Amino acid sequence: DTAVSQTPKYLVTQMGNDKSIKCEQNLGHDTMYWYKQDSKKFLKIMFSYNNKELIINETVPNRFSPKSPDKAHLNLHINSLELGDSAVYFCASSPGTGGSYEQYFGPGTRLTVT
Amino acid sequence: QQQVKQSPQSLIVQKGGISIINCAYENTAFDYFPWYQQFPGKGPALLIAIRPDVSEKKEGRFTISFNKSAKQFSLHIMDSQPGDSATYFCAASVTNYGGSQGNLIFGKGTKLSVKP
C-alpha cells in the first residue's frame, strides 16, 4: 500500500483556471504538509496541518488554500492559476509537529500552467 | 527565514569513489539535521539524520559529519554506486517548536551522478 498518495500525478491547465490536488496518507500520522519544488529543485514548505488545524501558513498567495476533511487527507486548491505556479507539488506527512519527525513524501504532482 | 547553504550543486563521481556534499547553516538554534534523497520522479525520502550532540553518524555507506563550531555538516557516501545517483538535500530545524519555527529548512540540493 502506498503510504502517501497524491492525485493527479500530472496536471496541465491554462492560466486563470482553478484546480485541486488531493493527498491521502494511510500512516496514521497527525501532521500533513504541502511543499512546492520549483524548476531548480528548491523545496519550500507551503502549509502544514495538525489534526485538521492549520499550524503553519507560510507566505504563499491566498490563491492557494489547503483543505483537510480529516487527518488522513490534505487537499490543495489553487485559484486563478498563474504561469509562476508551474512546479511539482509534494504532499508529506509526519507523526507529529516539529522538524525532528521523519517526513514521508508523496510522489508529487507536476503542475504545468500554460 | 534562516538559510541552509548546500554545495556543490552537482557532483559526478566514479563508481567506488567517495561522494561528499557539504552544508552550512546560520541559525545556532537548529538542533536536527537530516539528509533526504530524491530519485527522479519521486518524492524525497529520509536517508540519515544527526543531532548536534554527536560529531558523526554512520549508517552503512552513508556518514554524516557534524562540526558545531563551524556550523557545518556534510554527507559522505563511501563506495558510491550508480544506484546512488539522485538529488540529495540537507535540511535543518529547531525541534520542540510548533508553528513555523519547527519547519524543516532545506538546502537547494545536490545532483549526484555516479558513473559506472
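Coordinates for the structure precede this section.
Below is a short write-up of the structure. (Residues numbered from 1 in each chain as written. Chains lettered and ligands numbered in written order. Predicted model: local features only at pLDDT ≥ 70, side-chain atom pairs only at ≥ 80, totals over all residues. Heavy atoms only, no water.)

Observations concerning unusual backbone geometry
Cis rather than trans, the peptide bond between Thr7 of chain A and Pro8 of chain A has omega equal to -5°. In this fold, Pro8 of chain A is placed in the loop between strand E1 (4-7) and strand E2 (10-13). Between Ser7 of chain B and Pro8 of chain B the backbone carries a cis peptide bond, its omega angle lying at -5°. With respect to the helices, strands and loops of the structure, Pro8 of chain B is situated in the loop between strand E1 (4-7) and strand E2 (10-14). Look at Ser80 of chain A: it is not a glycine, yet its phi comes out positive at around 45°. By the secondary structure assignment, Ser80 of chain A is in the loop between strand E8 (73-78) and strand E9 (87-94). (Helix = DSSP H or I, 4+ residues; strand = E, 2+ residues; numbered from the N terminus.)

Topic: the side chain of Gln103 of chain A
Looking at where Gln103 of chain A falls in the secondary structure, it is placed in the loop between E9 and strand E10 (104-105). Apart from the residues within four sequence positions on either side, Gln103 of chain A is in contact with Tyr33, Tyr35, Ala92, Ser93 and Ser94 of chain A together with Tyr36 and Leu104 of chain B. (Contact = heavy atoms within 4.5 Å.)

Focus on the sheet that holds strand E3 (residues 19-25) of chain B
Residues and elements named next belong to chain B. On the basis of which strands lie adjacent, the open sheet formed by five strands has the order E1-E3-E8-E7-E6 and antiparallel pairing. On the outer flanks of this sheet lie E1 and strand E6 (56-59), each paired with one strand and no other. For this sheet, the mean angle separating the axes of adjacent strands, direction not counted, is 15°. Here four bridges tie E1 to E3, and the two strands are oriented antiparallel to one another. Looking at the pairing, Ser7 lines up with Asn22 of E3. (Pairing = 2+ DSSP bridges. Axes fitted to C-alpha atoms, helices over the stretch in contact; angles between N-to-C directions.)

Brief notes about the state of the cysteines
Residues and elements named next belong to chain A. One pass over the full model with this rule turns up two disulfides over all chains. Between the sulfur of Cys23 and that of Cys91 lies a disulfide, 1.8 Å long from S to S. Its S-S torsion of approximately -75° makes the covalent link between Cys23 and Cys91 left-handed. Here Cys23, found in strand E3 (residues 19-25), pairs with Cys91, found in strand E9; they are 68 residues apart in sequence, far enough to count as distant. The same class applies to Cys23 as to Cys91, namely buried. (Disulfide = S-S within 2.5 Å. Buried < 20%, exposed > 50% of the residue type's maximum accessible area, 1.4 Å probe, protein only.)

Brief notes about the sheet that holds strand E7 (residues 64-70) of chain A
Residues and elements named next belong to chain A. Taking strand neighbours across the sheet as the criterion, the four strands line up as E1-E3-E8-E7 in an open arrangement whose pairing is antiparallel. Lying at the two open borders of the sheet, with one neighbouring strand each, are E1 and E7. When strand polarity is set aside, the average angle formed by the axes of neighbouring strands in this sheet is 20°. Both E1 and E3 contribute to a ladder of four bridges, which runs antiparallel. Bridging from a neighbouring strand, Thr7 pairs with Lys22 of E3.

Focus: the interface of chain B and chain A
Listed per partner, the contact involves 23 residues of chain B and 22 residues of chain A. Contact between chain B and chain A buries roughly 1,700 Å² in total, counting both sides, with carbon and sulfur atoms accounting for 56%. Looking at the side of chain B facing chain A, the largest losses of area belong to Pro44, Asn103 and Phe106 of chain B, adding up to 24% of the total buried there. For the pair chain B and chain A, the interface holds zero salt bridges. By residue class, the composition of the side of chain B that touches chain A is nine nonpolar, 11 polar and three charged. (Buried area = accessible area lost by both parts, 1.4 Å probe. Salt bridge = Lys/Arg side-chain N within 4 Å of Asp/Glu carboxyl O. Nonpolar A, V, L, I, M, F, W, Y, C, P; charged D, E, K, R; others polar.)

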